[in-house]
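Working through the structure, step by step
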Amino acid sequence: PAAALPYFKDAVSALLAWQRASRPGVLPAYDAALLQRELQLFPDWYLAQHKGLALDDATRALLDKTFALIVERNLAAPSVFVHRDFMPRNLMLPRADDPNQRLGVLDFQAVVYGPITYDIACLLRDAFLSWEEDMVLDVTIRYWEQARKAGLMDFDGWSEDFGAFYRAVGWMGLQRHLKVAGIFARLTLRDGKPKY
């Protein structure tokens, strides 16, 4: 974590620059329909196809109710430009011999306009790297403090209450990981890419 922290600080700076440039109407909306479609990958591909589970009506109803709550919580957040794959594997380190270079970001194919919590959740709750909670908190607090200064946290008491913001990041992380489980199952079963 200590060695990675400078890179995560750079990633936070790059993320905030991206989010400060946000304007509605430029990118497709990350709306309820898209969030729901992504969540549906979990029962369709992970549970049904990968695990071979058939959901009974009661379980299906519970899952639908849970997904509706996840969508509702995530759509309550303010909207900004969302990369949707803002993770270490898509960040390019600057050359060490050139102090003027900045961190590079790759893979803009899925960008949308949606919840401000998505990319910070993506960065710190990565599907490929896991960090202890103190590292996740440290970087998230750094992001939150800078986002407050940039005026991005003027929502529902977030600028005064890190806990409220952090809970919202948790809701977004939950949606993302359910989606990712479905995507990885689909990549394995449909696309023949079991490395995920």
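A short tour of the structure in this document, coming up. (Residues numbered from 1 in each chain as written. Predicted model: local features only at pLDDT ≥ 70, side-chain atom pairs only at ≥ 80, totals over all residues. Heavy atoms only, no water.)

As for the packing of helix α2 (residues 32-50) against helix α6 (residues 162-189)
Contact pair α2 / α6: the axes reach a minimum separation of 7 Å and the direction vectors enclose 50 degrees. It follows that α2 is oblique to α6 by the angle criterion. Along this stretch, α2 crosses α6, giving a crossing that reads as left-handed. Contacts between α2 and α6 involve L35, E38, L39, L41, F42, W45, Y46, Q49 and H50 from the former and M172, Q175, L178, K179, A181, G182, I183, A185, R186 and L189 from the latter. Partitioned by chemical class, the residues of the contact of α2 with α6 number 12 nonpolar, 4 polar and 3 charged. (Axes fitted to C-alpha atoms, helices over the stretch in contact; angles between N-to-C directions. Helix = DSSP H or I, 4+ residues; strand = E, 2+ residues; numbered from the N terminus. Parallel < 35°, antiparallel > 145°, perpendicular 65-115°, else oblique. Left-handed = near helix turned anticlockwise from the far one by under 90°. Contact = heavy atoms within 4.5 Å. Nonpolar A, V, L, I, M, F, W, Y, C, P; charged D, E, K, R; others polar.)

Considering the nonpolar core
In terms of nonpolar packing, the biggest core is built from 50 residues, with I116, I120, L123, Y143, M153, W158 and F165 touching the most fellow members. Within the residue set of this core, elements represented by two or more residues are α1 (5-20), α2, α3 (57-75), β1 (79-82), α4 (117-124), α5 (133-149) and α6. Here this core gets 8 residues from one element, more than from any other, and that element is α6. If we ignore the near neighbours within four places in the chain, the residues touching I116 are Q19, A77, P78, V80, Y143, L152, M153 and W158. (Core = buried A, V, L, I, M, F, W, Y, C linked by side-chain atoms within 4.5 Å. Buried < 20%, exposed > 50% of the residue type's maximum accessible area, 1.4 Å probe, protein only.)

Digging into a negative patch on the surface
Taken together, the side chains of D154, D156, E160 and D161 make up a negatively charged region of the molecular surface. By secondary structure assignment, the location of E160 is in the loop between α5 and α6. (Patch = residues over 30% accessible without salt bridge, like charges linked within 9 Å, V, L, I, M, F, W, Y side chains within 5 Å. Areas by Shrake-Rupley, 256 points an atom, 1.4 Å probe, with all protein chains shown as cover. Salt bridge = Lys/Arg side-chain N within 4 Å of Asp/Glu carboxyl O. Lys, Arg positive; Asp, Glu negative; His and termini not counted. Charge placed at Lys NZ, Arg CZ, Asp CG, Glu CD.)

Examining α4
In terms of burial, α4 is largely enclosed, as 8 of its 8 residues are buried. Inspection of α4 places T117, Y118, D119, I120, A121, C122, L123 and L124 among the buried residues, and these make up the whole buried set.

A closer look at the environment of L35
In this structure, L35 sits in helix α2. Owing to a relative accessible area of 0%, L35 belongs among the buried residues under this scheme. Among all residues touching L35, those that are not within four sequence positions of it are Y30, V71, N74, L75, M172 and Q175.

Re unusual backbone geometry
Positioned with a positive phi, R84 is a non-glycine residue whose angle comes to about 75 degrees. One non-glycine residue, D107, adopts positive backbone phi at about 70 degrees. Its place among the elements puts D107 in the loop between β3 (104-105) and β4 (112-115). Given the relative accessible area of 27%, D107 is considered partly exposed.

Treat this as a map of the structure, not an account of what it does.
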